[in-house]
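# Fold and geometry: a report
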Amino acid sequence: MRVVFMGTPAFAVAVLRQVVEDGWDVVAAYTQPDRPKNRGMKLVPTPVKEYAMSVGIPVYQPQSCREEATLEGLRTLTPDVILVAAYGKLLPQALLDIPRVAIINVHSSLLPQYRGAAPINWAVLNGDRETGVTVQYMAAELDAGDILLAERTAIGDDEDAGQLYDRLAVLGGKAASEALRRLENGTATRTPQIYGPQYQYASLLSREMSPINWNKRARDIVNQVRGLIPWPCATTDVAGTRWKVYRAEDAGPAGDALPGTILSAGKAGIVVAAGEGTSVRITELQADGGRRMSAGDYLRGHPIQC
């Protein structure tokens, strides 16, 4: 089968790499245009572009997938399947109609739970014990297409969203390759999604989600820290300094201490009282203007009196 791939970030690279290594005929890769980055505002290629070029796959970077020239160029590639993974733009119906067999998308949740832009983060923020990837037939409505297959995985107690992202990318690649196999041999099935109030939409993250509310229970705060990695990160203000908190854990009972009170500060971390008599140990942080480090290292230069 002739496969056209559409994707942009590192997650998509893992999917594309698996498909290439499994021997599928990827005839082109579509990805977002290069963007200016860092102080020099130099144009930087997307991760998918870098990988595709390294293995000799032709790369296309249209500004819009709605322009007729883009659609006609895609038609000339005569794809049997278009495989999408984190492309980053809504695709018009005219594009969905192009492939001979199907257009499918790798989504990083167990649909219909967590349709939307940030499914990995929300699974961690909500303290879910399990998540996975879904390969769905694409439809005009976002993440609403019929399900072709889904693969499940447990979420580790201390696993943050960045770590889970990497694991799901690998799982997504394996699922995509299996989906292509089923499409090729005619065993692919379709299971309609039934969306209801029990399912949550995975909205975009924002900096407004960062400040820690110490009145919450320790486990909720730890999930906030885990779920906002790598961006925008959980934050808290201590003695006039703002910290980004990168790693935290449940530290046990806090007694009658008021939420937000620092109970201890040492090599093992900084223990802060939280809601309902619980406490959180901060073990890795970054102060404004500083670098990311262990709490113990931070305290060597910035001792805290409890």
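The structure contained in this document is the topic of the report that follows. All values reported here derive from a predicted model rather than from experimental measurement. Position numbers for residues count from 1 along each chain, tracking the sequence in the order it is written. Residue-level local features of this predicted model are given only where pLDDT is at least 70; pairs of side-chain atoms are given and counted only at 80 or more, and the full residue set underlies all totals for whole chains, interfaces and linings. Excluding hydrogens and water, the side-chain values take into account all heavy atoms of the structure.

## Description of the packing of helix α1 (residues 10-21) against helix α2 (residues 47-54)
Running from N to C, α1 and α2 point in directions that differ by 25°, and their axes come no closer than 8 Å. Overall, the two elements α1 and α2 adopt an arrangement that is roughly parallel. Between α1 and α2 the crossing geometry is right-handed. Residues Ala10, Ala12, Val13, Leu16, Arg17 and Val20 of α1 form the contact with α2, whose own contacting residues are Pro47, Val48, Tyr51 and Ala52. Considered class by class, the residues forming the contact of α1 with α2 number nine nonpolar, no polar and one charged. Axes here mean lines fitted to C-alpha atoms, for a helix over just the part in contact, with angles spanning 0 to 180 degrees between N-to-C directions. What counts as a helix is a DSSP run of H or I of at least four residues, what counts as a strand is a run of E of at least two, and both are numbered from the N terminus. Working rule for angles: under 35 degrees goes down as roughly parallel, over 145 as roughly antiparallel, 65 to 115 as roughly perpendicular, anything else as oblique. In this scheme, a crossing is called left-handed if the near helix is turned counterclockwise away from the far one by less than a right angle; it is called right-handed if the turn is clockwise. We call two residues in contact when some of their heavy atoms are within 4.5 Å. For this classification, the nonpolar set comprises Ala, Val, Leu, Ile, Met, Phe, Trp, Tyr, Cys and Pro, the charged set comprises Asp, Glu, Lys and Arg, and every other residue, Gly included, is treated as polar.

## Some remarks on the nonpolar core
Note on terminology: a nonpolar core comprises buried Ala, Val, Leu, Ile, Met, Phe, Trp, Tyr and Cys residues joined through side-chain atoms within 4.5 Å. For each residue, the accessible area found with a 1.4 Å probe, counting protein chains only, is set against the maximum for its type, and the residue is called buried under 20%, exposed over 50%, and partly exposed in between. Within the largest apolar cluster, 48 residues are counted, with the highest numbers of intra-cluster contacts made by Phe5, Leu83 and Ile104. The biggest single contributor to this core is helix α6 (residues 161-185), with 10 residues. The residues contacting leucine 83, other than those within four sequence positions of it, are Val3, Val4, Phe5, Met6, Val15, Val19, Ile104, Val106, Ala176 and Leu180. In terms of nonpolar packing, the next biggest core, distinct from the first, is built from 24 residues, Val238, Ile262, Ala295 and Tyr298 among them.

## Quick notes on a nonpolar patch on the surface
Judged by side-chain polarity, Leu90, Leu142, Tyr195 and Tyr201 come together as a nonpolar surface patch covering roughly 400 Å² of accessible area. Within the secondary structure, leucine 142 sits in the loop between β9 (130-137) and β10 (147-154). The patches described consist of residues with a relative accessible area above 30% and no salt bridge, like charges being joined within 9 Å and nonpolar side chains (Val, Leu, Ile, Met, Phe, Trp, Tyr) within 5 Å. Here, Shrake-Rupley sampling with a 1.4 Å probe gives the accessible areas, and only protein chains in the shown set may cover a residue. Any carboxyl oxygen of Asp or Glu within 4 Å of a side-chain nitrogen of Lys or Arg constitutes a salt bridge here.

## Points about the side chain of serine 108
Its location among the elements puts serine 108 in the loop between β7 (102-107) and β8 (115-116). On the accessibility criterion, serine 108 (11% relative accessible area) is buried. Excluding residues within four positions of it along the chain, serine 108 makes contact with Phe11, Pro119, Ile120, Thr131, Gly132, Val133 and Leu168.

## Focus on the pairing of strand β16 (residues 278-287)
Both faces of the sheet carry side chains from a regular strand, because those side chains alternate between them. Of all 10 residues that make up β16, seven are buried, and the element is covered over most of its length. Strands qualify as paired when DSSP identifies two bridges or more between them. Note that strand β13 (residues 241-253) and β16 share nine bridges and pair antiparallel. Bridge pairing links arginine 247 to glutamate 284 in β16. Note: strand β15 (residues 269-273) against β16, four bridges, orientation antiparallel. Each bridged residue has a counterpart across the sheet, and for isoleucine 270 the counterpart in β16 is isoleucine 282. Alignment of β16 against strand β17 (residues 293-294), held across two bridges, turns out to be antiparallel. Residue leucine 285 lies in a different strand from β17, and its bridge partner there is methionine 293.

## So, the packing of aromatic side chains
To describe a pair of aromatic rings, one takes the distance between the centres and the angle between the planes. The rule is short: rings of Phe, Tyr and Trp, with Trp giving its six-membered ring, pair when the centres are within 6.5 Å, and they are stacked under 30 degrees, edge-to-face over 60, tilted in between. Applying the stated criterion to the full structure yields four aromatic pairs. Taken together, a centroid distance of 5.7 Å and an interplanar angle of 65° make the contact between phenylalanine 11 and tyrosine 165 edge-to-face. In this pair, phenylalanine 11 sits in helix α1 while tyrosine 165 sits in helix α6, placing the two residues 154 residues apart along the sequence. Between the aromatic rings of tyrosine 30 and tyrosine 60, the centroid separation amounts to 5.0 Å while the plane-to-plane angle is 20°, which identifies the pairing as stacked. Of the two residues, tyrosine 30 is situated in strand β2 (residues 25-30) and tyrosine 60 in strand β5 (residues 59-60); the sequence distance between them amounts to 30 residues. The criterion for a charge sitting over a ring is simple: Lys NZ or Arg CZ within 6 Å of the ring centre, and within 35 degrees of the ring normal. Directly above the aromatic system of tyrosine 137 lies the positively charged group of arginine 190, at a separation of 3.8 Å from the ring centroid.

These values are about where atoms sit, not about what they do.
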